[in-house]
Every structure is written in structure tokens, then in C-alpha cells.
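As a plain string of letters, each chain reads:
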Amino acid sequence: MKNDVQREPSRICPSNGRRLEGDSLELSSPFESGIYHMFIRKTVVGHIVVLYVDDMIVTGDDDNGIPDLKQQLYSMFEMKDLGYLWYFLGIEVAYSPEGYILSQSKYTSDVISRAGLTDDRIMDSPIELHHRLSRTDGELFSDVTRYREVVGSLVYLTVTRPDITYVVHVVNQFASAPRTAYWTTVLRILRYLRDTLHHGLLLSSASDLVLTGYSDAGWAGDQTDRKSTTGYCIFLGNSLVAWKSKKE
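Right, let's walk through the structure included here. Computed from a prediction, not measured in an experiment: that's the story for all the values here. (Residues numbered from 1 in each chain as written. Predicted model: local features only at pLDDT ≥ 70, side-chain atom pairs only at ≥ 80, totals over all residues. Heavy atoms only, no water.)

### Let's talk about the environment of L154
So, step 1. Note on placement: L154 falls in helix α3 (residues 144–157).
So, step 2. Under the relative-accessibility criterion, L154 is labelled buried at 0%.
So, step 3. Not counting chain neighbours up to four residues away, the residues in contact with L154 comprise V111, I164, V168, V186, I189, L190 and L193. (Helix = DSSP H or I, 4+ residues; strand = E, 2+ residues; numbered from the N terminus. Buried < 20%, exposed > 50% of the residue type's maximum accessible area, 1.4 Å probe, protein only. Contact = heavy atoms within 4.5 Å.)

In C-alpha cells form, the structure reads like this:
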């Protein structure tokens, strides 16, 4: 356990299977789902945030309150302090004077290996410009499970790679009945990721707290059902914090 607690997030691993109850720790829980729990403790100095998804991330702007909260957690759970946050659920976290850098390089390499991509080819874009897929392109793909596993992994990769959000949304539409043309597109995405393996997101330490959003739509662009695809991205200062591509 580190004694020199700073404002960098730290990672804690509970090991006795007990549920974290916010009331007993004076933590409010404004966000909760079946996947994660987020708790907030408001102190005289500031706020402490606890994100709980199997492991636990603790961060905040109260340098004295964070170790106090950790001690309370240790008294209730069997826990191990893994130090400053550097890896969490496949997401790598690096620190620099410019801010936090989030990437999924190892996760990406694992996805490429699982897909069985053995050549060394790379692509400079995840999809060709104006390329469209339809439900009748190519023959039925023989390995449906493999297609779904790889595409499902690509969906999680969009957590730090907004540049592939649209094309992953496209190939994910055909997961129920994949065809060879769709698998060819998936392989192009993987070759693009190989060429951009270490790309990620910078959460700038110099960002202001102004939210700015952008959105666009491709009207009736789907060749099969003529539905539109919309997309948006939201910046906090100059840091991209949310994005999505979705068919209407």
C-alpha cells in the first residue's frame, strides 16, 4: 500500500465478495447499473469518487480524505491496494504533464490474435469512403461464433477509440447472420487497428469545464431499411468525453 497518496486515481481489489454499501461509508450513489456502481463522498475540502466494477478506483480532490476512506474500506473488506491506476478492465492509463492518456493497446493486440489475422498488412482507414454493406453481400460466413466474438470485442474497444465507432456499429448490425463481405470489413478494421495500435484518448489537465457537443446525421443512408444514422461527440474543454453512432 502506498503512503504518498496523491490525486492520481488508485486501484483497489476487494477479495472477500462482500457488497459495497454506500450508506455505511457516508457515500451517495448517483449512478448505478448491473455492471458498475459509482459512489461519491462530499467532504469539507472537496469530493471523493469511488467507481466499483470488480476492482475499485478511488480518486478525488481531498488528499487527506482519500486515505481515510481507504482505511474504512480495509476495515470492512479484504482488500489489496494496487497503487496508482495504470490498468483497469483492459484500459491502460498513462500519466504525463499534459494529462491522462487512455488506451487499449494490449487489448487490441489480443483481439487481433483471437481473430487469427496472420498477415502483416495494415490499412490507413477502418472503412473505405462511401462504402456500404447490405444484407445480401457475399456468402453466409461459416464461423458465426468467431464473428460475434471479434465484433463484440471491437464494441468494447470503442471505449477509447472513437475513430472506429461508426464502422463497428455497421458490422455489429449483421451479427445475427454474418456474411463474408462483413467479415472482410472486420478484417480491414483489425488491420487499421494494427497500424494505430497505440492510439488513445488524452484527457487534458489544462481543459476548462465547458461542455461542447457536436452532432450529425446521414439521412436515409442505410440501403436495406432507408433509416438514418446519427452520431454525436461531447467535449469537456478540449477533452473528448462521450461519443456515439446509432441508427434511428
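### Let's talk about the sheet that holds strand β8 (residues 91–96)
So, step 1. Strand order in the open sheet formed by four strands is β7-β8-β9-β10, and the pairing between neighbours is antiparallel. Both outer strands of the open sheet, β7 (87–88) and β10 (200–204), are each paired with one neighbouring strand and no more.
So, step 2. Pairing analysis gives two bridges linking β7 to β8, with the strands arranged antiparallel. Within the sheet, the bridge partner assigned to Y87 lies in β8 and is E92. (Pairing = 2+ DSSP bridges.)

### Thoughts on the packing of aromatic side chains
So, step 1. Under the defined criterion, the tally for this structure stands at eight aromatic pairs.
So, step 2. Plain terms: the ring middles of Y95 and Y100 are 5.2 Å apart, the flat faces sit at 70° to each other, and that makes the pair edge-to-face.
So, step 3. Exposure remark for Y100: the relative accessible area of 30% places this residue in the partly exposed category.
So, step 4. Arranged with centres 6.2 Å apart and planes meeting at 50°, the rings of Y147 and W183 form a pair that is tilted. Note that Y147 is positioned in helix α3 and W183 in helix α5 (residues 180–195), a separation of 36 residues in sequence. (Phe/Tyr/Trp six-rings, centres within 6.5 Å; stacked < 30°, edge-to-face > 60°.)

### Section: the pattern of salt bridges
So, step 1. Using the criterion set out here, one finds six salt bridges in the structure.
So, step 2. D119 is the salt-bridge partner of R191, the closest N and O atoms lying 2.6 Å from each other. Taken together, the positions of R191 in helix α5 and D119 in the loop between α2 (105–114) and α3 put the pair 72 residues apart, joining distant regions of the chain.
So, step 3. With a closest N to O distance of 3.4 Å, D119 and R194 form a salt bridge. Of this pair, D119 sits in the loop between α2 and α3 while R194 is found in helix α5, placing the two residues 75 residues apart along the sequence.
So, step 4. In this structure D119 comes out as partly exposed when scored by relative accessible area, which is 25%.
So, step 5. According to the relative accessible area criterion, R194 is partly exposed, its value standing at 23%.
So, step 6. Overlapping salt bridges bring together D119, R191 and R194 as one network. (Salt bridge = Lys/Arg side-chain N within 4 Å of Asp/Glu carboxyl O.)

### A few points about the layout of surface pockets
So, step 1. Space inside the largest pocket adds up to approximately 1300 Å³.
So, step 2. In terms of lining, the largest pocket is formed by 26 residues, of which the most central are M38, L51, I57, L102 and L203.
So, step 3. Looking at the lining of the largest pocket, the elements that each hand over two or more residues are β4 (47–53), β5 (55–60), β8, β9 (99–103), β10 and β13 (239–247).
So, step 4. When its residues are assigned to classes, the lining of the largest pocket shows 22 nonpolar, three polar and one charged. (1 Å grid on protein atoms, 1.4 Å probe; cavity = no way out; pocket = protein on both sides within 12 Å on 5 of 7 lines; lining within 4 Å. Points joined across faces, edges and corners; volume = space filled by probe spheres on them. Nonpolar A, V, L, I, M, F, W, Y, C, P; charged D, E, K, R; others polar.)

### Description of the sheet that holds β13
So, step 1. Spatially, three strands are ordered β11-β12-β13 in an open sheet, and the strand pairing comes out antiparallel. With partners counted over all chains shown, the strands left at the sheet margins are β11 (211–218) and β13, one partner each. When the angles between neighbouring strand axes are averaged without regard to direction, this sheet yields 10°.
So, step 2. Across the face of the sheet, helix α4 (residues 165–172) comes into contact with β12 (229–236) and β13 while running at roughly 30° to β13. (Axes fitted to C-alpha atoms, helices over the stretch in contact; angles between N-to-C directions.)

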